[in-house]
Every structure is written in structure tokens, then in C-alpha cells.
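# An overview of the molecular structure
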Amino acid sequence: MSSTETSAKNSPRTERRRWNGTDLGLIAVFAALVAGAALVPGLALNGFGVPITFQTLAVMLTGLVLGPARGFAAVGLYTLLGLAGLPIFSQGRSGLGILAGPSAGYIIAFPIAAGIVGWLATVVIRRTTKARALWFFLSATATSVVVVHSLGILGIALNSKATVAQAFISDLIFYPGDIIKNVLAAAIAVALHRAFPDVLVRRVRRTAIPAAKA
């Protein structure tokens, strides 16, 4: 096989990996969505000052809609801007000092969670056509438990005088709200994919075809 034929076969994948203006715009829009969700007044009920907000809804929705790379980039952009000094964290906080507070683990977890749930969303899109909202919900819930809550508990334990057991108990207050938010994120994601399939669904299907042929 000639080098020309090889490059011709590889070029479609290379093009799909590149982000265009639409991708960058979506990353910026969803970063703003996460920031807006953080600025909605929250309730600090867990005893350590970590508020209940709509952030996890926005983070999971970002990953489910944009997929792993762009989802991670959008939430990562939000996180970096907040750490750089923009008052876009919950309760209008900002700066590196937040990494010494009880919310540190949750904030660090957000970009990771967006990337993981985005990857799970691509798996769901490739392998299912029915009950996709249910699979999205299960993906978001699993990601919340394994990533967001685990790192959140660790952050509380490290940055306060609480034990891991105390941090775990305080974190349980977030579960009922997270279940509701994950239901909403899954339903909204399915609706957006139906309305705008080019954002992720068709991308996933295009990349799945060459992989199957290989």
C-alpha cells in the first residue's frame, strides 16, 4: 500500500480530532453554563460549608452533551478561570485559596467527572438506541459516586479536622439532590442530541464506522 493511500485513510480521523470554531464555541458556552449554575445561591447544609448547588447538573450535562474531550475542556476552562481569580465558584468565591477549603475535592473532581461521563455517553450512543436516557442517568450517577463524591469526601477530610467517616456522612446529604439532577441532565442531554445530532451523536457514529472496519 502506498503512502498516499495510507494518508488518505488516516486523514478523516485526523480531521475529526481537530476542534473547529463550533467546538470552541460549545466549550465556551458550556463553561459559562457551569459558571452560571455555580452562581445560583446554594444551601450549605452538610456542616462543612460545602453548598448544594446546580453545578453537578451542569457538569454532568456538559459531559453527556459534548463528550469526553470537549466536556473536560469546558469544565476545565471554568475551573481554571475560577482558580485564576474570577468569582465564578459557588457563593462567588475564587482564587487558589479555595483549594485549601472543604470544597476543593469537588472542584477538582468536576473536570474529571465531565470527561468520564462524556466517555460513557459515547459508549451509550454506540451501543444503544433505546432507553438512552436511562443509560445516561446511570452513567452520570456512577460518575458522581465514584469521582465527585469520593474526591469531595477526600477534600473535606484533608482540609478540615474531620475524619473520613465524618466527611462521608456529611457528603450523604448531596445524594438525593444529585439523583434528581442526574435525571434532569440525562433527559436534557437526550433532547439536545435529538435536536442537534451533529454535536455528538453523528461524531460518535462516524468514528465507530472506521473502527469497525479496521
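Going by the structure above, here's the rest.
Figured I'd write up the structure that's included with this text. (Residues numbered from 1 in each chain as written. Predicted model: local features only at pLDDT ≥ 70, side-chain atom pairs only at ≥ 80, totals over all residues. Heavy atoms only, no water.)

### Considering the overall build of the chain
A count of helices and strands for the chain gives nine helices and two strands. In the chain, the succession of α and β elements from N to C terminus is α-α-β-β-α-α-α-α-α-α-α. Counting only residues that meet the buried cut, the chain has 43% of its 214 residues in that class. Nonlocal contacts in the chain, meaning residues at least 24 apart in sequence, comprise 72% of its contacts between residues at least 6 apart. (Helix = DSSP H or I, 4+ residues; strand = E, 2+ residues; numbered from the N terminus. Buried < 20%, exposed > 50% of the residue type's maximum accessible area, 1.4 Å probe, protein only. Contact = heavy atoms within 4.5 Å.)

### A few points about the pattern of salt bridges
As a working rule, side chains carrying opposite charge can pair if their charged atoms are close by. Inspection of every chain in the model, using the stated rule, returns four salt bridges. The partner of Arg70 in a salt bridge is Asp23, with the nearest N and O atoms 2.9 Å apart. Within this pair, whereas Arg70 is found in helix α4 (residues 68–84), its partner Asp23 is found in helix α2 (residues 21–39), the two being separated by 47 residues in sequence. When sorted by exposure, Arg70 lands in the same class as Asp23, which is buried. Residue Lys181 pairs with Asp178 through a salt bridge whose shortest N-O separation is 3.5 Å. (Salt bridge = Lys/Arg side-chain N within 4 Å of Asp/Glu carboxyl O.)

### A few points about the packing of helix α6 (residues 132–159) against helix α7 (residues 164–171)
Remark: α6 packs on α7, axes separated minimally by 8 Å, with the N-to-C direction vectors making an angle of 130°. Considered as vectors, α6 and α7 are oriented oblique to each other. The two elements α6 and α7 cross, and the hand of that crossing is right-handed. Contacts from His149, Ile153, Ile156 and Ala157 of α6 reach α7 at Val164, Ala167, Phe168, Ser170 and Asp171. When its residues are assigned to classes, the contact of α6 with α7 shows six nonpolar, two polar and one charged. (Axes fitted to C-alpha atoms, helices over the stretch in contact; angles between N-to-C directions. Parallel < 35°, antiparallel > 145°, perpendicular 65-115°, else oblique. Left-handed = near helix turned anticlockwise from the far one by under 90°. Nonpolar A, V, L, I, M, F, W, Y, C, P; charged D, E, K, R; others polar.)

### Some words on the packing of aromatic side chains
This structure, assessed with the given rule, holds two aromatic pairs. Between Tyr78 and Phe89, the ring centres sit 5.6 Å apart and the planes meet at 85°, which makes this aromatic pair edge-to-face. Residue Tyr78 is located in helix α4, and its partner Phe89 is located in the loop between α4 and α5 (104–127); the two are separated by eleven residues in the primary sequence. A relative accessible area of 1% means that Tyr78 is categorised as buried. (Phe/Tyr/Trp six-rings, centres within 6.5 Å; stacked < 30°, edge-to-face > 60°.)

### Some details on the nonpolar core
Tyr78 and Phe136 are the most contacted members of the largest nonpolar core, which totals 53 residues. Residue assignment for this core shows that the elements contributing at least two residues are α2, α3 (55–66), α4, α5, α6, α8 (175–195) and α9 (201–213). With ten residues, the top contributor of residues to this core is α5. If sequence neighbours within four positions are ignored, Phe136 has contacts with Leu64, Ala121, Val124, Ile125, Ala186, Ala189, Val190 and His193. (Core = buried A, V, L, I, M, F, W, Y, C linked by side-chain atoms within 4.5 Å.)

### A closer look at unusual backbone geometry
Notably, Gln91 is not glycine yet its phi reads approximately 65°, a positive angle. For Gln91, the position within the fold is in the loop between α4 and α5. Phi is positive for Ala131, which is not a glycine, with a value near 55°.

### What to know about a nonpolar patch on the surface
Residues Phe72, Leu96, Leu99, Ile108, Ile112 and Ile116 make up a contiguous nonpolar surface patch of roughly 520 Å² in combined accessible area. At three residues, the largest contribution of residues to the nonpolar patch is made by α5. Along the chain, Leu96 falls in the loop between α4 and α5. (Patch = residues over 30% accessible without salt bridge, like charges linked within 9 Å, V, L, I, M, F, W, Y side chains within 5 Å. Areas by Shrake-Rupley, 256 points an atom, 1.4 Å probe, with all protein chains shown as cover.)

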